[in-house]
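# Overview (structure and organization)
Read off the chains here:
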Amino acid sequence: NPAYGGGVRGAGGADLTLVDVLVQDNAAEGIQPRGGGVYVESATLTLLDSVVQSNRAVCAGGGLLAMGGGAYGALATVHAEGSWIEDNLAQCNSSG
């Protein structure tokens, strides 16, 4: 689904690790787009010395959206070390 994770998507119990990665200028598009740069659902994301910037999503999580409960029943964990999440845009909420 291109509406979920314009740059990177992790789901289904995955362990996703990004090392020295630039996630930039991506967009989540479609119905209720979420996670313009990175979308994580029922998964673990580790960011090491990485940058998530200048991404966009109309609905939620312009830079990074980690679903952690609520109506989606999802569980996500994010670890970041030496990483930046900046200058992202979400028109509804959670820009980052």
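Residues numbered from 1 in each chain as written. Predicted model: local features only at pLDDT ≥ 70, side-chain atom pairs only at ≥ 80, totals over all residues. Heavy atoms only, no water.

### A short note on the sheet that holds strand β11 (residues 84-86)
Which entries qualify depends on this criterion: For two strands to be treated as a pair, DSSP must find no fewer than two bridges joining them. Only runs of H or I of at least four residues qualify as helices and only runs of E of at least two qualify as strands under DSSP, and these elements are numbered from the N terminus. Axis lines are fitted to C-alpha atoms, over the contacting stretch for helices. Their N-to-C directions set the angle, which ranges from 0 to 180 degrees.
With respect to topology, three strands assemble into an open sheet ordered β3-β7-β11, the strand pairing being parallel. Strands with a single pairing partner mark the edges of an open sheet, and in this sheet they are β3 (22-24) and β11. Each adjacent strand pair in this sheet contributes to an overall mean axis angle of 5 degrees, direction not counted.

### Some points on the pairing of strand β5 (residues 38-41)
Condition: Only protein chains enter the accessibility calculation, which uses a 1.4 Å probe. A residue is then buried if its area is under 20% of the maximum for its type, exposed if over 50%, and partly exposed in between.
In β5, alternate side chains face the same way, and those of Val38 and Val40 on one face and Tyr39 and Glu41 on the other are all buried. Judged from the four bridges that link them, strand β1 (residues 8-11) and β5 form a sheet pairing that is parallel. Note on β5: the bridge partner recorded for Ala11 is Glu41.

### Considerations on the sheet that holds strand β6 (residues 43-48)
Pairing is parallel in the open sheet, where three strands are placed in the order β2-β6-β10. Each edge of the open sheet is held by one strand with a lone partner, namely β2 (15-19) and β10 (76-81). The sheet shows a mean angle of 10 degrees between the axes of neighbouring strands, direction not considered. By the bridge criterion, six bridges tie β6 to β10 in an arrangement that is parallel. Bridge assignment links Thr46 to a residue of β10, and that residue is His79.

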